[in-house]
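Examining the three-dimensional arrangement
Listed below, chain by chain, are the residues.
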Amino acid sequence: FSIGRSLLASTDTSIVDCTDFSQPITISSTIGVAGPNCWCFVPGAGVVFVSRQGVYSFSRTAKGGADINKLSGDIENMWRTKINISKLRTSVVWYSRKHNELRIAVAKKGQTANTLILAYGNGGWRKYDLGLEVNCFAYAGDLELVGGTDNRSMTGQYTADDVYVL
């Protein structure tokens, strides 16, 4: 992902600034991004991402360094006991312009589908269950859309993928 003029690469255990391919700079060798849809830019916070250890923000310092701050400290117990950490790679992270908050779709412990939404904003963390699997997110004008499935259709047949307006 990129932030400012920096190009960053990540594994699930590290983050590297590879803006200058001849001299990559390790930003973290213990915290990484869980998967390809597990990060987004949040105004005022920088890049926010999901890691096995929790939810973090990444921003550049005035001197060109990096700050990584844990945002999920308040939900640490829930993160360890209620989230399927092995499925974090499929999580979906987005910034809701409509609600001015970060949203993260994750799988609950014992499940494989991203049905639990964690939301983080000025009021702290909250959670809700949409009742459908979230596989992707997009904006269409002012509409917030998630792609996924609720395993239902009007004809009674199971559907593969649907789009839902939040």
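Located above this text is the structure these notes cover.
In what follows, the accompanying structure is described. None of the values given here were measured: they were computed from a predicted structure.

Details of the environment of T30
- Along the chain, the position of T30 falls in the loop between β4 (25-28) and β5 (39-42).
- Residue class for T30 comes out exposed when judged on its relative accessible area of 53%.
- Sequence-distant contacts of T30, defined by excluding residues within four places in its chain, comprise T13 and Q53.

Looking at the sheet that holds strand β12 (residues 124-129)
- An order of β9-β10-β11-β12 is seen for the four strands of this open sheet, with the pairing classed as antiparallel. Each edge of the open sheet carries a strand with a single partner, namely β9 (92-96) and β12. Across this sheet, the average inter-strand angle for adjacent strands is 20 degrees, counted without regard to direction.
- Pairing between strand β10 (residues 101-106) and strand β11 (residues 116-121): five bridges, direction antiparallel. Following the sheet pairing, L102 is matched in β11 by Y120.

Considering the side chain of S14
- By secondary structure assignment, the location of S14 is in the loop between β2 (6-10) and β3 (15-17).
- Note on S14: relative accessible area 18%, which makes it buried.
- Within polar-contact distance, the side chain of S14 engages the side chain of T11 at 3.0 Å.
- Apart from the residues within four sequence positions on either side, S14 is in contact with A9, S28, S29, I31 and G32.

Cut-offs used in this document
- Residues numbered from 1 in each chain as written.
- Predicted model: local features only at pLDDT ≥ 70, side-chain atom pairs only at ≥ 80, totals over all residues.
- Heavy atoms only, no water.
- Helix = DSSP H or I, 4+ residues; strand = E, 2+ residues; numbered from the N terminus.
- Buried < 20%, exposed > 50% of the residue type's maximum accessible area, 1.4 Å probe, protein only.
- Contact = heavy atoms within 4.5 Å.
- Pairing = 2+ DSSP bridges.
- Axes fitted to C-alpha atoms, helices over the stretch in contact; angles between N-to-C directions.
- Polar contact = N/O pair within 3.5 Å; in protein donor to acceptor, adjacent residues only side chain to side chain.

It is worth stressing that arrangement in space is one thing and function is another; only the former is reported here.
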